[in-house]
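Now for the letters of each chain:
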Amino acid sequence: VYYSPDGHFGIHKDNKSLTILMPLTSRGVDFTGGGTAFWSQSHPDERRHAPSLVLSPEAGTALLFGGRVSHKGLHIDTGKRVVFVASFSRRLVGEKSKTWVVSAR
């Protein structure tokens, strides 16, 4: 949950195999500003490079991306932005079976 003024989530990598991010509130209705910025692997430093891509999907629209991608929740100006985020990684359990491990925030 991001609250105005100035709600955001700093640049980071999830370090999982796959991340799903789904807005639960709508830009322009529940909040202004915001969005998710992504940096390319060749330019991952936000102090030196502008984001390669900024997305602001509608509520209920899922973004899927690799957990090694640098990204950031941009500042909101007014209202409240709520997102569902889950990250997945596959790991060995025992010798033969594999399972997916989920972390959500």
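Keep in mind the model is a prediction, meaning the values are calculated, not measured. Each chain carries its own residue numbering, running from 1 in the written order of its sequence. At least 70 in pLDDT is required for a residue's local features to be given in this predicted model, at least 80 for side-chain atom pairs to be given and counted, and no such filter applies to totals for whole chains, interfaces and linings, which use all residues. Side-chain calculation: all heavy atoms of the structure are included, whereas hydrogens and water are not.

**Q** What is the right way to read the overall build of the protein from this model?
**A** Only runs of H or I of at least four residues qualify as helices and only runs of E of at least two qualify as strands under DSSP, and these elements are numbered from the N terminus. Per the secondary structure count, the protein includes 0 helices and 10 strands. Starting at the N terminus and ending at the C terminus, the protein contains elements arranged as β-β-β-β-β-β-β-β-β-β. A simple rule labels every residue: compare its accessible area, found with a 1.4 Å probe on the protein chains alone, to the largest value its type can have, and call it buried under 20%, exposed over 50%, or partly exposed in between. For the protein, the proportion of its 105 residues judged to be buried stands at 31%. All accessibility values rest on the Shrake-Rupley procedure with a 1.4 Å probe; residue burial counts only the protein chains present in the view. Of the roughly 6,600 Å² that the protein leaves accessible, carbon and sulfur atoms contribute 53%.

**Q** Help me understand the environment of alanine 86, please; the structure alone is not making it clear to me.
**A** Structurally, the position occupied by alanine 86 is in strand β9 (residues 83-93). Looking at alanine 86, the relative accessible area reads 3%, which means it is buried. For alanine 86 and leucine 21, which are 65 residues apart along the polypeptide, the C-alpha to C-alpha distance reads 6.7 Å.

**Q** Looking at this structure, how should I read the nonpolar core?
**A** A general feature of soluble globular proteins is that nonpolar side chains tend to end up buried together. In this structure, Tyr2, Leu21, Phe31, Phe38, Leu63, Phe65, Ile76, Val83 and Val85 together form the largest nonpolar core, which totals 9 residues. Secondary structure elements with two or more residues in this core: β7 (63-65) and β9. We call two residues in contact whenever any of their non-hydrogen atoms come within 4.5 Å of each other. Setting aside its immediate chain neighbours within four residues, leucine 21 contacts Thr36, Thr61, Ala62, Leu63, Phe65, Arg81, Val83, Phe84 and Val85. In plain words, nonpolar cores are sets of buried Ala, Val, Leu, Ile, Met, Phe, Trp, Tyr and Cys residues tied together by side-chain atoms within 4.5 Å.

**Q** Any chance you could explain the environment of serine 40 here in plain terms?
**A** With respect to the helices and strands, the residue serine 40 is situated in the loop between β5 (36-39) and β6 (53-55). Residues serine 40 and valine 69 lie 29 residues apart in sequence; the distance between their C-alpha atoms is 7.1 Å.

**Q** Sorry, what's going on with the packing of aromatic side chains here?
**A** A ring pair, where both rings are aromatic, is described by two values, the distance of the centres and the angle of the planes. Side-chain rings of Phe, Tyr and Trp (the six-membered ring for Trp) are treated as a pair once their centres are within 6.5 Å; stacked means planes under 30 degrees apart, edge-to-face means over 60, and tilted covers the remaining angles. Under the definition given, this model contains 1 aromatic pair. The interplanar angle of 80° and the centroid separation of 5.0 Å between the aromatic rings of phenylalanine 38 and phenylalanine 65 together place this pair among those described as edge-to-face. Of this pair, phenylalanine 38 sits in strand β5 while phenylalanine 65 sits in strand β7; the two residues are 27 residues apart in sequence, bridging distant segments of the chain. Both residues of the pair, phenylalanine 38 and phenylalanine 65, belong to the buried class.

**Q** Teacher, can you tell me more about empty space enclosed by the protein here?
**A** In this approach a probe as big as a water molecule rolls over the atoms, and the regions it shows empty are the leftover space. Of the two site types, the cavity is a set of points on a 1 Å grid over the protein atoms alone where a 1.4 Å probe fits but cannot get out, and the pocket is an open set with protein on both sides within 12 Å along at least five of seven lines, each lined by residues with an atom within 4 Å of a point. Grid points are joined across faces, edges and corners, and a volume is the space filled by probe spheres set on the points. Summed over the entire model, instances satisfying the criterion amount to 1 cavity of 30 Å³ or more. When its volume is computed, the largest cavity comes out at roughly 70 Å³. In terms of lining, the largest cavity is formed by Pro23, Thr25, Arg27, Phe31, Gly33, Gly34, Gly35, Thr36, Leu55, Ser56, Pro57 and Arg81. Residue classes follow a fixed rule: Ala, Val, Leu, Ile, Met, Phe, Trp, Tyr, Cys and Pro count as nonpolar, while Asp, Glu, Lys and Arg count as charged, and any other residue, Gly among them, counts as polar. Per-class residue counts for the lining of the largest cavity are 4 nonpolar, 6 polar and 2 charged.

**Q** For this particular structure, what's the right way to read the confidence of the model for the protein?
**A** Caution applies to low-pLDDT regions: their predicted coordinates should not be interpreted in detail. Residue-level confidence of the predictor is summarised by pLDDT, bounded by 0 at the bottom and 100 at the top. Averaged over all residues, the pLDDT of the protein is 84; the fraction at 70 or higher stands at 83%. Taken element by element, the protein is modelled with least confidence in strand β10 (residues 97-104), mean pLDDT 61, and with most confidence in β6, mean pLDDT 95.

**Q** Would you mind showing me how to read the side chain of threonine 25 here?
**A** Topologically, threonine 25 is positioned in the loop between β3 (18-23) and β4 (31-33). Given the relative accessible area of 11%, threonine 25 is considered buried. Here a polar contact is taken to be a pair of N or O atoms separated by no more than 3.5 Å, where protein atoms must pair a possible hydrogen donor with a possible acceptor and residues adjacent in sequence count only if both atoms sit in side chains. Of note is the side chain of threonine 25, whose polar atom sits 2.9 Å from the backbone nitrogen of valine 82.

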